[in-house]
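This is what each chain is made of:
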Amino acid sequence: MATPADVLQDSDARRAGGAAGAVTLTLRIRRFNPEISQDSWWDEFTVEADPLDRLVEVLHQVKWYHDGTLSFRRSCAHGICGSDAMLINGRNALACKVLVDDVGPRVTIEPIRGLAVLKDLIVDMDPFLEGYRTVLPFLINDSGEPDKERLQSAEERARFDDTTKCILCAACTTSCPIFWGDEGYIGPAAIVNAHRFIFDSRDEGSRERLKILSEKTGVFRCRTTFNCTDACPRGIQVTKAIQEVKRSILFDRF
Amino acid sequence: MATTHTYDALVIGAGGAGMRAAIELSDQVRTAVISKLYPTRSHTGAAQGGVCAALGNTEEDHAEWHAFDTVKGGDYLTDQPAAQLMAEEAIDAIYQLERWGLPFNRTPDGRIDQRRFGGHTAEHGERPVRRACYAADRTGHMILQTLYQQCVKRDVRFFNEFYCLDLLRDAHGAATGVVAYELATGELHIFRAKSIVFATGGYGRMFSVTSNAHALTGDGPAVAWRRGVPLEDMEMFQFHPTGLAKLGVLLSEAARGEGGIVRNKDGERFMERYAPTIKDLAPRDMVSRAIYQEIKEGRGGGPNGDWAYLDITHLDPKVIEEKLPDITEFARVYLKVEPTNELVPIQPTAHYAMGGIPTDVDGRVVEGAAETPIPGLYAAGECACVSVHGANRLGTNSLLDLVVFGRRAGVDAARHVKEAPLGDVPERPTERTLSMLNAVLERAEGENAADIRKELQANMFDLAFVVRSEESLSKMETIIGELQERFGRVAISDKGALYNTDLMETVELGFLLDCAQALVVSARARTESRGGHYRDDHPLRDDANWLKHTLASRNDDGSISLDFKPVKMGPYVPMERKY
Amino acid sequence: MATTIERSTTSGDGAPRPPRDYTRGSERPVGGFELWMWLFMRISGIVLLVLALGHTLIMHLPSGGVDRVDFGFVATRWASPFWRSWDWMLLTLALIHGINGLRNITLDYVRKPGTRFAANMVFYVLGFTLFVLGTIIVVTFDPSNWPPVA
């Protein structure tokens, strides 16, 4: 029977073997700097990296040792803060959750779509946050505050658990073809955050939110393309949440 | 020409403490929040374990027991009245969060559920107690989101991606404004206010292995330091034992709480030798030192022999998926390790700064042993030192610190706004900042900031980490001096005005160097071991001489002065820290 | 250079605001035009499945296929009110379903409000015209009076 030490030997050997050679990675990055030109351009960089390196750290390598003008947002570097959503090999992802190993010897990196590019991989998040704000994303309950906590059962808590995970990274909204066409569409993220409150038993503001969501810029623009669910780095069932909101509106009206 | 904005109150930093203060302030006075990130990117969101309060929802608990645990957990460097206050206010702080919508996990009868956590006990250490309130394993994320939602509700004025680079003080020393750099345009802004609350977080990025975000570069403490404000207990830094090897990403203490075991390369459960009774649930600093010892004696794993392993293979897979989903994901994604049947490589990781800007219990920044308040200046959260965590912080006490002292700072800052006049800013307020920035921008060739940063991080990891000594610390002090000198010759390639992250990273490195200097000088001065500060040349705790806080400050000529102030005692007499 | 107002994410000036009442709108019903159209698309879609597929099958499948569709065929069919209703329903539902679909596509892809308005107006006019023509035919068709004398 394998002892812990044996198990260790195996996994260490595998990891050491995999990381024994650094790999060569070529990054093709879409650049933009209005101080230089109104058109974007492509830059290529070739670096040596460990297969288990996060792409965000490879970008740091490029910035620190190849081209200091490369600008991108990042903070926690482990998939929690949502700063570094980018288009990586044509799909939205967080750069800190993608490893060199996942993207092979060549990777193409672009800013997320649908939001104005300000510089390189940095986009204007304000329309995205505006959409978020319009759905009244805060608990609405004016029927008197209890001394202690409001009671909520485990089932009631589980009802909206999925949509509490949203980190506002914008990967879903910027992968939505409707949003690409019209940034006035509030987008999947706003709807997810509305869902989080509509299905929270302690909230009393569903009516107001559902009215906002029934407008032309609201849920009915969703064509169930499913790009959002694919893109979400937190694994939230976005399209499902949007569908539940549509049904809420339907059942409220009839 | 810099734009001047005038508000009643400013909050610098939009994490848990900052937003809690902003909520309190914006209900009463004209407030603006300045943050170098968008608020929901703040590192409060990465906290996992929980936030504690003696609610007594699942078993009997009292605030007094919580206060005792905090004091003992802090290895008796904690200011006891502050710990007592925090434990008492914890209860309403949690209820307030719930009333604002925080989705806590629930007990079967619908109340906020609580679980056990390291260091939290009943009857002063007799048995573990369920005091940690939690929202799945995303408590920090939920607190951050809930506070941001309340800020959105109040339409709080945010200045996002504005870096606070300097503090402005008037002729009497009162804080009257800050200078901030707008990342989007490269322009400087002057913000004037009657009350300024610093809530900028920690400085773990001075170490190569850290759980901290890249943004945590000690901006608040460094800005205050450069304007003569002393920094308290800088040597006290917490090294969390279970960070993912090489990466430093945190694997929550909850893993050990659920039964996880730490092993060396021989597969041995070595904590049996270091803490025979509670083994792997010993306080964080004890486990980190044990790992360090094992590595030193040649029983570390990995290609460089500097790893230990976290073993959760014996836990029920259902428990792992339900209660430890995040750490499971981290291991799978970042190390390609399957925790259900493989051991996860770990290393102690630089996690939390117990020290920082000294404040009283109302968040007012105080100077010197006499604790003279600086009018108009406040601090809360990890960047502040009340001191409520002493020499070692208990898990779940940090999220609590944010909401309790964030609120208190907001309350007192609002009071100050109503009582005080708007102070003057000095003539040419942006002069120092401009010369700092232009010096870097105008240099054609010079040092690479990334190299300096790497050397700082690697050396701090070698010389000022879990185990320190006079030799290692004095070597580190010399290295910091050399790095600072080289820093004065840094050149960058981005000379633009838009989103010049190259420039800002360089400025942040300067802040880190200052904080590292304060840390190392304070660590050298403290000739004892206490909590997270362990020296193998002074391995024991010395209560006779060292029941006091260190206060480091930088003089105008660049030299560092050290002062001390006694720990505020209370009902708890320092005992040996056994668990 | 962009002013700071554009860069920040709030419209407030930082001053304290009195609490708002978020339940004031609850008397008006939720939903509205968009909800109706969303529901209509789904229900009419199912109905059209039957009507349109049925229509196609009837025209193409029986022996002879579309070659047997001549004046006599139509006259025989439209002697029954059932088939007239079927065809009128097919006309109406398909037009509304189709025009609304075009309205949605326009909403998704045409940015300028003026162009959108123009496109929608073209669709509505076209749709209405086809509806009127079709309705007239289905309702007034009389095989013994063809072509109808003005």
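Rules used throughout
- Residues numbered from 1 in each chain as written.
- Chains lettered and ligands numbered in written order.
- Predicted model: local features only at pLDDT ≥ 70, side-chain atom pairs only at ≥ 80, totals over all residues.
- Heavy atoms only, no water.
- Helix = DSSP H or I, 4+ residues; strand = E, 2+ residues; numbered from the N terminus.
- Buried < 20%, exposed > 50% of the residue type's maximum accessible area, 1.4 Å probe, protein only.
- Contact = heavy atoms within 4.5 Å.
- Areas by Shrake-Rupley, 256 points an atom, 1.4 Å probe, with all protein chains shown as cover.
- Expected span 1.5 Å × (residues − 1).
- Phe/Tyr/Trp six-rings, centres within 6.5 Å; stacked < 30°, edge-to-face > 60°.
- Pairing = 2+ DSSP bridges.
- Axes fitted to C-alpha atoms, helices over the stretch in contact; angles between N-to-C directions.
- Buried area = accessible area lost by both parts, 1.4 Å probe.
- Salt bridge = Lys/Arg side-chain N within 4 Å of Asp/Glu carboxyl O.
- Polar contact = N/O pair within 3.5 Å; in protein donor to acceptor, adjacent residues only side chain to side chain.
- Core = buried A, V, L, I, M, F, W, Y, C linked by side-chain atoms within 4.5 Å.
- Domains from an automatic or database assignment.
- Patch = residues over 30% accessible without salt bridge, like charges linked within 9 Å, V, L, I, M, F, W, Y side chains within 5 Å.

Trainee: Would you mind going over the overall build of chain B in detail, with residue names and values included?
Mentor: If you tally the helices and strands in chain B, you get 16 helices and 22 strands. Oriented by its inertia axes, the alpha-carbon framework of chain B measures out at about 65 × 55 × 50 Å. Out of the 579 residues belonging to chain B, those deemed buried represent 68%. The contacts in chain B between residues at least 6 apart in sequence include a share of 73% that link residues at least 24 apart. Put simply, chain B shows about 17500 Å² of open surface, and 50% of that area lies on carbon and sulfur atoms.

Trainee: Before we move on, can you summarise the overall build of chain C with the specific residues and values?
Mentor: Of regular secondary structure, chain C possesses five helices and zero strands. Reading the secondary structure of chain C in the N-to-C direction produces α-α-α-α-α. A burial count over chain C gives 33% of its 150 residues as buried. As displayed, chain C offers around 9500 Å² of accessible surface, 73% of which is attributable to carbon and sulfur atoms.

Trainee: How would you sum up helix H8 (residues 284–296) of chain B? Please name residues and give values.
Mentor: Residue and element names in this part refer to chain B. When the terminal C-alpha atoms of H8 are compared, their 18 Å separation across 13 residues agrees well with the 18 Å that a helix rising 1.5 Å per residue should span. For H8, the complete set of buried residues consists of Arg284, Asp285, Val287, Ser288, Arg289, Ala290, Ile291 and Glu294. The first or second residue beyond H8 is Gly298, which carries a positive phi of 90°.

Trainee: Tell me about the packing of aromatic side chains, and name the residues and values.
Mentor: Scanning the model with the defined rule gives 26 aromatic pairs over all chains in all. With a centroid separation of 6.0 Å and 10° between ring planes, the pair formed by Tyr132 of chain A and Tyr148 of chain B is classed as stacked. A residue pair is termed interchain when its members come from two chains, as with Tyr132 of chain A in helix H4 (residues 126–134) and Tyr148 of chain B in helix H4 (residues 139–153). Given a relative accessible area of 1%, Tyr132 of chain A falls into the buried group.

Trainee: A description of the sheet that holds strand S6 (residues 127–133) of chain B should follow, citing residues and the corresponding values.
Mentor: Residues and elements named next belong to chain B. With respect to topology, three strands assemble into an open sheet ordered S4-S6-S5, the strand pairing being antiparallel. The sheet is open, and its two borders are formed by strand S4 (51–52) and strand S5 (114–122), each paired with just one other strand. In terms of strand pairing, S5 meets S6 through five bridges, oriented antiparallel. Paired with Thr121 across the bridge in S6 is Pro128.

Trainee: Which residues make up the sheet that holds strand S3 (residues 85–88) of chain A, and what are the values?
Mentor: All names here are of chain A. Reading across the sheet, the five strands line up as S2-S1-S5-S3-S4 and stay open at both edges, with mixed pairing between neighbours. Because the sheet does not close on itself, it has two edges, and the strands there are strand S2 (41–49) and strand S4 (91–94). On average, each strand axis in the sheet is inclined to that of its neighbour by 35°, with strand direction left out of account. Relative to strand S5 (residues 106–110), strand S1 (residues 23–31) is paired through four bridges, and the arrangement is parallel. Its bridge partner being in S5, Thr26 is matched across the sheet by Arg106.

Trainee: Give me the interface of chain B and chain A: which residues, what numbers.
Mentor: Between chain B and chain A, the residue contacts involve 78 residues of the former and 75 residues of the latter. In this assembly, chain B packs against chain A so that about 6300 Å² is buried in total across both faces, 50% of it on carbon and sulfur atoms. At the boundary of chain B with chain A, the tally comes to nine salt bridges. In this structure, Glu329 of chain B and Lys97 of chain A form a salt bridge, with 3.0 Å as the shortest nitrogen-oxygen distance. Put simply, chain B and chain A have 44 residue pairs in polar contact (both at pLDDT 80 or more) between them. When contributions to the side of chain B that touches chain A are tallied by element, the ones reaching two or more residues are helix H3 (80–99), H4, helix H10 (325–335), helix H13 (449–463) and helix H15 (501–525) of chain B. Here the side of chain B that touches chain A gets eight residues from one element, more than from any other, and that element is H4 of chain B.

Trainee: Can you lay out the nonpolar core for me, pointing to particular residues and giving the numbers?
Mentor: Formed by 132 residues in total, the largest nonpolar core has its most connected members in Leu27 and Leu213 of chain A. Sorting elements by how many residues they give to this core places helix H11 (residues 397–419) of chain B first, with 10 residues. Among the domains, domain 1 (4–123) and domain 2 (126–252) of chain A are the pair contributing at least three residues each to this core. With near-sequence residues (within four places) excluded, Leu27 of chain A lies in contact with Asp43, Glu44, Phe45, Val47, Val58, Leu59, Val62, Val107 and Ile109 of chain A. Membership of the second largest hydrophobic core comes to 83 residues, among which are Cys164, Leu165, Phe239 and Ile357 of chain B.

Trainee: Help me get a handle on the side chain of Thr146 of chain B, residues and values and all.
Mentor: All names here are of chain B. Inspection of the secondary structure assignment puts Thr146 in helix H4. A relative accessible area of 0% means that Thr146 is categorised as buried. With sequence-adjacent residues up to four places away left out, Thr146 is seen in contact with Leu97, Trp100, Gly101 and Leu102.

Trainee: An account of the domain arrangement of chain B is requested, with residue identities and associated values reported.
Mentor: Residues and elements named next belong to chain B. Splitting chain B by domain gives domain 1 (241–350) and domain 2 (431–542 + 549–565). Of the roughly 620 Å² buried where domain 1 meets domain 2, counting both sides, 71% is carbon and sulfur surface. The largest per-residue losses of area from domain 1 upon contact with domain 2 belong to Arg289, Tyr292 and Pro348, which jointly make up 64% of the total buried on that side. One can count zero salt bridges joining domain 1 with domain 2. Connecting domain 1 to domain 2 are one residue pair in polar contact (both at pLDDT 80 or more). Contributing elements (two or more residues each) for the side of domain 1 that touches domain 2: H8 and strand S16 (344–353).

Trainee: I'd like a description of the side chain of Arg284 of chain B, backed by residues and values.
Mentor: Residue and element names in this part refer to chain B. Within the secondary structure, Arg284 sits in helix H8. One polar contact links Arg284 to Gln238, side chain to side chain, over a distance of 2.8 Å. Sequence-distant contacts of Arg284, defined by excluding residues within four places in its chain, comprise Phe117, Gln238, Phe239, His240, Pro241, Glu253, His351, Arg393 and Gly395.

Trainee: I'd like a rundown of the environment of Arg535 of chain B, residues and numbers included.
Mentor: Residues and elements named next belong to chain B. By the element assignment, Arg535 lies in the loop between H15 and helix H16 (543–546). With relative accessibility at 1%, the residue Arg535 sits in the buried group. Taking the C-alpha atoms as reference, Arg535 lies 38 Å from Gly410; in sequence the two are 125 residues apart. Those residues in contact with Arg535, other than ones at most four positions away along the chain, are Arg468, Ser469, Glu470, Leu473, Ala523, Arg524, Arg526, Thr527, Glu528 and Ser529.

Trainee: Give a description of a nonpolar patch on the surface that names residues and reports values.
Mentor: Residue and element names in this part refer to chain C. A contiguous nonpolar patch, built from Leu49, Val50, Leu53, Leu57 and Leu61 and spanning about 510 Å² of accessible area, is present on the exposed surface. Position of Leu53 relative to the elements: it lies in helix H2 (residues 33–60). By relative accessible area, which is 49% here, Leu53 ends up partly exposed.

Trainee: Help me get a handle on the pattern of salt bridges, residues and values and all.
Mentor: Summed over all chains, the structure comprises 80 salt bridges over all chains. Here Asp230 of chain A makes a salt bridge to Arg91 of chain A, at a shortest N to O gap of 3.2 Å. A residue pair is termed long-range when its members are at least 10 positions apart, and Asp230 of chain A in helix H9 (residues 227–231) and Arg91 of chain A in strand S4 qualify at 139 residues. The class for Arg91 of chain A is exposed, based on a relative accessible area of 51%. Within the structure, one salt-bridge network assembled from shared partners comprises Asp75, Asp233, Glu235, Asp285, Arg289, Arg526, Glu528, Arg530, Arg541, Asp543 and Arg577 of chain B.

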